[in-house]
Protein chains: 2
Amino acid sequence: MNKGSESRARFERIYRTLRQRICLLDYPPGRRLREEDLAEEFKTSRTPIRRVLARLEDEGLLRSVHGVGTIVTDIHIDDLQQVYQLRVELAELIGKLAPVMPDRRTIEEFRELEARGRALAKRPDAREFARLNMEFFHLLMTLTANEPLREISERLYYQTTRNWLKTASRLAQYREMLRNEIRFFQREMADTLAAIETGDLQVVGHVRRAHVAMSFARLYAEAHPVVCNEQS
Amino acid sequence: MNKGSESRARFERIYRTLRQRICLLDYPPGRRLREEDLAEEFKTSRTPIRRVLARLEDEGLLRSVHGVGTIVTDIHIDDLQQVYQLRVELAELIGKLAPVMPDRRTIEEFRELEARGRALAKRPDAREFARLNMEFFHLLMTLTANEPLREISERLYYQTTRNWLKTASRLAQYREMLRNEIRFFQREMADTLAAIETGDLQVVGHVRRAHVAMSFARLYAEAHPVVCNEQS
DNA sequence: GAAGAGCCTGTTGTATACAACATCACGCAG
DNA sequence: CTGCGTGATGTTGTATACAACAGGCTCTTC
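Bear in mind that the values here come from a model prediction, so they are computed numbers and not experimental data. (Residues numbered from 1 in each chain as written. Chains lettered and ligands numbered in written order. Predicted model: local features only at pLDDT ≥ 70, side-chain atom pairs only at ≥ 80, totals over all residues. Heavy atoms only, no water.)

**A word on the pairing of strand E3 (residues 69-72) of chain A**
Residues and elements named next belong to chain A. In the sheet, strand E1 (residues 32-33) pairs with E3 via two bridges, with the strands oriented antiparallel. Bridge assignment links Arg-32 to a residue of E3, and that residue is Ile-71. Bridge count between strand E2 (residues 62-65) and E3: four bridges; the pairing is antiparallel. Within the sheet, the bridge partner assigned to Leu-62 lies in E3 and is Val-72. In textbook terms, the turn of a hairpin is the stretch between consecutive antiparallel strands, and for E2 and E3 this stretch comprises three residues, one of which, Gly-67, has a positive phi near 85°. (Pairing = 2+ DSSP bridges. Helix = DSSP H or I, 4+ residues; strand = E, 2+ residues; numbered from the N terminus.)

Set out below in structure tokens:
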């Protein structure tokens, strides 16, 4: 019954914990992690920790430098453009490859997330927004049975998601941006629910595609303010 | 200058070596690898080897079992169907996301591969076919500058590529299948060259998509012989 | 006072001893 | 003869000591 997966479960737990900390900026870009501290926190030795860090490094969230430390990567929107472009294309595949019609329970979860979105709109909070966004993503992923697609989408999602928090948090119009973004997110959830109710999951894919693309465009515009008009 | 990448280079070298051995069936499915043997072969300790094995396990080529060994995964075409479906979709993106027009040198390399394909057709050899197929794949990947797309396509390619060798090698009509497959591969290369010469890399993507889909269909048909006619 | 060399500290990378675990063979009892 | 338990053996997982390395600090010298 155990399937010898005792240590596998622990690996997964530590991995998800650290990934979440990085993506919620508990570990901001540039932050240096010490393997021994993590080993102590998770009541283990450096060996299993190093395996987790190696994977996070593979995924581009960390970078280990011999003799220096393990550093949370700092990324700019320009470096992420390619990832976003790919995410836009993959979004559409959710409803195209092995789509799974959600059962009543799952639809209910979508509704609950939407409700939490309404509550959030009344009392904006960046961290809660990021967390809600994450949960929505994972719920979306249940709509396809294509396991490789899920894995890859997840990987790319976590490569890009902290970028919004990072960009927004240091801007003057921070609170307005947040409120604005929450509104867009509410609309994505509403559109998604509507699409699900049509029974055509391809539409869900199209909705997602549109919103990922627009989300990137907003961030990009924020980082590259138009000088005014012309100029190639 | 060294950038401390001494050990990173070694990691990459061992990783590619083992991956190739798995995909050329030097390590056939079910084969058990011993960490200590590999450590000795590559003149190092188990520690760096384990990092390589962990990554190969992440990618689905190996599976480590505590107390038993590290085993090359055995996969059936049915498990790979989802991967193939995704590969079909991704193939098209080569020419869509950040396409890079090949320079004269690269086109020359395509021509060389095609020439080797002609030579191969005269003296069929499964192993050489697999190797040529791999080189062609890597050359195709130079046609997009989208790094995440390249990484992911590579990962999925190596998850599926050994399946042809495995399926074919135990079939009666082995030599005929091989000759047939080589002919198809020649056509893919010829089509690709023609597409490149049109200057439209989207066409290259369409060609690739078609051939990946057909290649999977042939394998699938081989594994699921039609009983004769009807029957759902 | 400034610049440079060399030590000192702290961190990741590697090697290795040991623990946990699975498998198989052997023996013993029924 | 068969079935089960137990120990021997071999393997991966973990802990830990040590090597390699980077960066800063100090001391020296011009």
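Next comes the rest of the write-up.
**Comments concerning the protein's contact with DNA strand D**
Around DNA strand D sit 22 residues in total, of which Arg-10, Thr-44 and Thr-47 of chain A together with Arg-34 and Arg-50 of chain B are the nearest. A share of 65% of the atoms of DNA strand D within 4 Å of the protein falls on sugar and phosphate groups. Leu-33 of chain B is positioned such that a nitrogen or oxygen atom in its backbone is 2.8 Å from a phosphate oxygen of DNA strand D. Mapped onto the surface near DNA strand D, the elements with two or more residues apiece are helix H1 (6-23) and helix H3 (46-58) of chain A together with strand E1 (32-33), helix H3 (46-58), strand E2 (62-65) and strand E3 (69-72) of chain B. (Near = heavy atom within 4 Å. Polar contact = N/O pair within 3.5 Å; in protein donor to acceptor, adjacent residues only side chain to side chain.)

**Topic: helix H8 (residues 162-169) of chain A**
The buried fraction of H8 of chain A is high, at seven of eight residues. Along H8 of chain A, the positions that sit buried rather than exposed are Arg-162, Asn-163, Trp-164, Leu-165, Lys-166, Thr-167 and Ala-168 of chain A. (Buried < 20%, exposed > 50% of the residue type's maximum accessible area, 1.4 Å probe, protein only.)

**Overview of the interface of chain B and chain A**
With 26 residues of chain B in contact, the opposing surface of chain A contributes 26 residues. Buried area between chain B and chain A, both sides added, is near 2,400 Å², and the carbon and sulfur share of it is 50%. On the chain B side of the contact with chain A, Arg-8, Gln-82 and Leu-86 of chain B bury the most area, a combined 21% of that side's loss. In this structure, the connection of chain B to chain A is made through eight salt bridges. Between chain B and chain A we count twelve residue pairs in polar contact (both at pLDDT 80 or more) in total. Only H3, E2, helix H4 (77-93) and helix H7 (147-160) of chain B provide two or more residues apiece to the side of chain B that touches chain A. (Contact = heavy atoms within 4.5 Å. Buried area = accessible area lost by both parts, 1.4 Å probe. Salt bridge = Lys/Arg side-chain N within 4 Å of Asp/Glu carboxyl O.)

**Details of the sheet that holds E2 of chain A**
Strand order in the open sheet formed by three strands is E1-E3-E2 (chain A), with antiparallel pairing between adjacent strands. Strands with a single pairing partner mark the edges of an open sheet, and in this sheet they are E1 and E2 of chain A.

**Some remarks on the domain arrangement of chain A**
All names here are of chain A. Domain boundaries assigned for chain A yield domain 1 (6-72) and domain 2 (77-223). Distance from the C-alpha centre of domain 1 to the C-alpha centre of domain 2: 25 Å. Counting from both sides, the interface comprises 14 residues of domain 1 and, opposite them, twelve residues of domain 2. In total, about 1,200 Å² of surface goes out of reach between domain 1 and domain 2, with carbon and sulfur atoms giving 57% of it. Our count for the domain 1 to domain 2 interface comes out at two salt bridges. One salt bridge connects Arg-19 with Glu-154, and the closest N-O pair in it is separated by 2.8 Å. (Domains from an automatic or database assignment.)

**Re the protein's contact with DNA strand C**
For DNA strand C, the set of nearby residues contains 22 residues, the closest of which are Arg-34 and Arg-50 of chain A together with Arg-10, Thr-44 and Thr-47 of chain B. Within 4 Å of the protein, the contacting atoms of DNA strand C are 66% sugar and phosphate, with bases supplying the remainder. For DNA strand C, a base nitrogen lies 3.0 Å from a polar atom in the backbone of Gly-67 of chain A. Between DNA strand C and Thr-44 of chain B, the relevant distance is 2.7 Å, taken from a phosphate oxygen to a side-chain nitrogen or oxygen of the residue.

**Here's the deal with the relation of the copies chain B and chain A**
Rotating chain B by 180° and translating it 0.0 Å along the rotation axis places it on chain A, where the RMSD comes to 0.0 Å. Interpreted geometrically, this transformation is the action of a two-fold axis. Taken as a fraction of all interface residues of chain B, those also at the interface in chain A reach 100%, which identifies the copy contact as same-surface. (Least-squares fit on C-alpha atoms with pLDDT ≥ 70 in both.)

**A short note on unusual backbone geometry**
All names here are of chain A. Even without glycine at this site, Lys-43 takes up a positive phi of about 55°. One can find Lys-43 in the loop between helix H2 (35-41) and H3. For Ala-98, which is not glycine, the phi dihedral falls at a positive 50°. Among the secondary structure elements, Ala-98 is positioned in the loop between helix H4 (77-93) and helix H5 (104-122). Judged by relative accessible area, which is 27%, Ala-98 ranks as partly exposed.

**Some words on the side chain of Ser-153 of chain B**
Among the structural elements, Ser-153 of chain B can be located in helix H7. Each residue touching Ser-153 of chain B, except ones within four places of it in the same chain, is listed here: Leu-90, Phe-137 and Met-141 of chain B.

**Regarding the nonpolar core**
General note: in soluble globular proteins, nonpolar side chains tend to be found buried as a group. Ranked by internal contacts, the top residues of the largest apolar core, which has 100 residues, are Leu-86 and Leu-90 of chain A together with Leu-86 and Leu-90 of chain B. Residues in contact with Leu-90 of chain B, not counting those within four places in the same chain, are Leu-86 and Leu-90 of chain A together with Leu-149, Ile-152, Ser-153 and Leu-156 of chain B. (Core = buried A, V, L, I, M, F, W, Y, C linked by side-chain atoms within 4.5 Å.)

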